[in-house]
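Analysis of the macromolecular model
Each chain, letter by letter, is given below.
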Amino acid sequence: VESDSQQPLDIQAVHKTILEHYHDVYNKFFGLDFLYFRLTNTYGPGQRMRGSGIGFVGEMIRDSLDKGEVIIYGSLDRVKDIVYVDDLVDALLYAGMIKKNSSPVFNVGGRPHQVGELIECIKKKIPGINVKFQSFPEHIKKIDAGDAVLDSKKLLLETGWSPGTS
């Protein structure tokens, strides 16, 4: 939930946590209201497919297209939360309905899926891809969050938003 303490596992997560604190201070000095949206793995049309930091789903699709294979660290039963970009845009639009709140932090999660389910969806669109299993490289093992699902109940209660895409 949004009130859980933040325990950043990598540089990107540290930056996100610092930005929340930065905006708290900015609000204190300048009175600017703000909302924080903690996002899950977002995917959809227009998604950048090159370079680093393209996200879990983007990497699986890119590797399927470019290499004809997907490398899985761990197992297919691991659970990841993904949200379709149109659902994310809707959540941001619903933000206009949020009243001033003592806690301006909102999780925007999608729907939890096992990695194996995601692979099956990709195989339907890109037939013939191979799935390879590997041990976690040390640099990924250190930052892997394991099963990751966001609880968006607060956003639902305050706005009525929930993801529409399964």
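Residues numbered from 1 in each chain as written. Predicted model: local features only at pLDDT ≥ 70, side-chain atom pairs only at ≥ 80, totals over all residues. Heavy atoms only, no water.

Focus: the nonpolar core
Counting residues in each nonpolar core, the largest one holds 11 residues, listed as Val-57, Met-60, Val-70, Ile-72, Ile-82, Val-115, Leu-118, Ile-119, Ile-122, Ile-126 and Ile-129. Once you skip the residues sitting within four places of it in the chain, Ile-82 turns out to touch Thr-40, Asn-41, Tyr-43, Val-57, Gly-110, Arg-111, His-113 and Leu-118. Ranked by size, the runner-up nonpolar core spans 8 residues in total, among them Leu-88, Ala-95, Ile-98 and Val-108. (Core = buried A, V, L, I, M, F, W, Y, C linked by side-chain atoms within 4.5 Å. Buried < 20%, exposed > 50% of the residue type's maximum accessible area, 1.4 Å probe, protein only. Contact = heavy atoms within 4.5 Å.)

With respect to helix α2 (residues 56-67)
The first and last C-alpha atoms of α2 sit 16 Å apart over 12 residues, in line with the 16 Å expected at 1.5 Å per residue. Those residues of α2 that fall on the buried side of the exposure criterion are Val-57, Gly-58, Met-60, Arg-62, Asp-63 and Ser-64. Immediately downstream of α2, the backbone of Gly-68 shows phi near 75°, a positive value. (Helix = DSSP H or I, 4+ residues; strand = E, 2+ residues; numbered from the N terminus. Expected span 1.5 Å × (residues − 1).)

So, the pattern of salt bridges
Tallying each qualifying case throughout the model produces 6 salt bridges. Glu-120 is paired through a salt bridge with Lys-123; the nearest N and O atoms lie 3.9 Å apart. Of this pair, Glu-120 and Lys-123 both sit in helix α4 (residues 115-125), separated by 3 residues, roughly a single helical turn. Residue Lys-123 is classed as partly exposed on the basis of its relative accessible area, which comes to 30%. Residues joined in a network through salt bridges with shared partners are Arg-62, Asp-63 and Lys-67. (Salt bridge = Lys/Arg side-chain N within 4 Å of Asp/Glu carboxyl O.)

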